[in-house]
Amino acid sequence: MADSNFLTEHNARHVWHPMAHPAEMRANPPTIITGGEGAEIIDIDGKRLLDGVGGLWNVNLGYSCDAVKHAITTQLNELPYYSAFRGTTNGPLIELSVALAEFFGPDGMVRSFFTSGGSDSVETALRLARQFHKINGQPERTKFVSLKKGYHGTHFGGASVNGNQNFRRAYEPLLPGTIHLAAPYAYRNPFNTDDPKLIADAIIRQFADEIAFNGADTIAALIMEPVLGAGGVIVPHESLMPGLRTLCDKNGILLIADEVITAFGRTGAWSGSRLWDVQPDMMCTAKAITNGYFPFGAVMIGSRIADAFEADRTAMGSIGHGYTYSGHPVGAAAALACLTETIKQDLPTNAAARGVELLDGLNDLQARHPIIGDVRGKGLMCALELVANRDDKTPAGKDVVGKVYKGAYDAGVMIRTSGNNIILSPTLIISKADVARILDALDAGLKSAQN
């Protein structure tokens, strides 16, 4: 790698970074990360930081998982690439499809469609949903329903069902026929209540109303995250996803679970759908499927959809969709090793235990820092919502949020900011001591922002 002087000189000068303003990156170049070990990352100055972001929700096993690294290097030497388009396949792809069918069996999944990442997985699920209804003789089922504050990637389909204007406004007009229900957001919602159960009931009624207004026979699918991630870690009441599933079943609407963040243990359950005891029709996965070590994803497909496609004998049943790197042998080998390690280390159990400790600590911080308006979390996905005034819930300014970020960084922990939210999604291998380290750094950052 080039030396540190070269990297610093050219930082953000020749690249546009995702989810960032190019002009701001030129004026304030991003932090250069040069190493990773265990649950820590190392910046260009040699500073070690506990990674409270987990890469980007995806490095569940940390940065030193040798089993996954070995699987990647071994596969590179055996078969670095070949296409999985019709007519050819590869061994790791076949092995992984068997392993995933077993792993997601309790969720009702029986088939895999491999992708290059989360946005690809969402796009695939949306396309397959429309195609499923055409195979079944209901071509007018083209609309999609989703939740405000939900995040579903950045392709045009995913951006269209996204429930956050930050990912929509600059790219509109988007896909027609998308319907957004309220978010299950106890801190801010249009229902004049902070009771999660009443909010869930109201959203279910909204869905029923939209079905009646649009016509059930025009709606292809509802897509939702079991726990909303990038929208601010919004944890719904346990009745929401089952209630929406019931309405989907009653009206012939597919349920797509966007599990790009929640699959493989982050919530304290093996999947977000299993957390709420729901079997969706499709599940979008990526991120932790390879621990972030290789770009890869999979759409898991339930038996209802698999049976319809596999019984079809017309051209409509042929899947005219795929990616050059679908079923990439190196990615599949990484995913196989990662799945084995995830199960062996029982990551959901640690995520649940550490998540309780982290949430308790965040609530304690809220009691001591009036800048914290709300605390939310499930497993190892947590958030603090920062406010200028608790009484009217005025969001904290960008400068205040930036001070918290810098204070935590200086104290040795990398956190993530999104609007006026501090988002925490550390690796799932963290210890009790690591949780204390995160809380101490946040305390330092909050103090610095209020001085």
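Residue indices follow the written sequence of each chain, beginning from 1 at its first position. Per-residue local features are limited, in this predicted model, to residues with pLDDT of at least 70; the limit for side-chain atom pairs, both in listing and counting, is 80 or more; totals at the level of whole chains, interfaces and linings are taken over all residues. To get the side-chain values, take all heavy atoms of the structure and skip hydrogens and water.

## Focus on the sheet that holds strand S3 (residues 48-51)
The condition is simple: DSSP bridges decide pairing: two strands pair if at least two such bridges lie between them. Secondary structure is summarised from DSSP: a helix means a run of H or I of at least four residues, a strand means a run of E of at least two, and numbering begins at the N terminus for each. Here, two residues are considered to be in contact whenever any of their heavy atoms come within 4.5 Å of each other. Helix axes are fitted to C-alpha atoms over the stretch in contact, other axes to C-alpha atoms as well, and angles between N-to-C directions run from 0 to 180 degrees.
Spatially, the 4 strands line up as an open sheet ordered S1-S2-S3-S14, and their pairing is mixed. Both edges of this open sheet fall to strand S1 (33-37) and strand S14 (413-414), since each of them pairs with a single strand only. Bridge analysis of S3 against S14 gives 2 bridges, and the strand direction is parallel. The residue of S14 that forms the bridge with Leu50 is Val413. On the sheet, helix H15 (residues 432-450) packs against strand S2 (40-43), S3 and S14 and is oriented at approximately 105 degrees with respect to S3.

## A few points about the nonpolar core
Keep this limit in mind: We call a set of buried residues a nonpolar core when its members are Ala, Val, Leu, Ile, Met, Phe, Trp, Tyr or Cys and they connect through side-chain atoms within 4.5 Å of each other. The classification of residues rests on relative accessible area computed with a 1.4 Å probe and restricted to protein chains. Under 20% of the type maximum is buried, over 50% is exposed, and intermediate values are partly exposed.
In terms of nonpolar packing, the biggest core is built from 57 residues, with Leu96, Leu100, Phe104, Phe207, Leu222, Met224 and Phe264 touching the most fellow members. The biggest single contributor to this core is helix H8 (residues 196-214), with 6 residues. Sequence-distant contacts of Leu222, that is, excluding residues within four places in its chain, are made with Val145, Ser146, Phe207, Leu244, Cys248, Ile253, Leu254, Leu255 and Ile256. In terms of nonpolar packing, the next biggest core, distinct from the first, is built from 42 residues, Ala39, Val413, Leu424 and Ala449 among them.

## Details of unusual backbone geometry
Apart from glycine, the bulk of residues carry a negative phi angle, and the bulk of peptide bonds sit in the trans form. Cis geometry is adopted by the peptide bond preceding Pro173, which originates at Glu172 and carries an omega value of 5 degrees. When you line up the elements, Pro173 lands in the loop between helix H7 (156-161) and strand S6 (178-181).

## Here we look at the sheet that holds S6
Sheet strands pair by backbone hydrogen bonding; their relative direction is either parallel or antiparallel. Reading across the sheet, the 7 strands line up as S4-S10-S9-S8-S7-S5-S6 and stay open at both edges, with mixed pairing between neighbours. If you trace the sheet from one side to the other, it starts and ends with strand S4 (109-115) and S6, each paired once. On average, each strand axis in the sheet is inclined to that of its neighbour by 20 degrees, with strand direction left out of account.

## Concerning the packing of aromatic side chains
Note the following rule: Only Phe, Tyr and Trp rings are paired, with Trp represented by its six-membered ring, and only when their centres lie within 6.5 Å; those with planes under 30 degrees apart are stacked, over 60 edge-to-face, the remainder tilted.
The full count for this structure, using the stated rule, is 8 aromatic pairs. Between Tyr81 and Tyr325, the aromatic rings sit 5.9 Å apart at their centres with planes inclined by 70 degrees, giving edge-to-face as the arrangement. Residue Tyr81 is found in the loop between helix H4 (66-78) and helix H5 (91-103), and its partner Tyr325 is found in the loop between helix H11 (303-311) and helix H12 (329-344); the two are separated by 244 residues along the sequence. Its relative accessible area of 48% is what places Tyr325 among the partly exposed residues. Joined through ring pairs, the aromatic side chains of Phe103, Phe104, Phe264 and Trp270 make up one cluster.

Everything listed here is a matter of geometry and, on its own, says nothing about what the molecule does.
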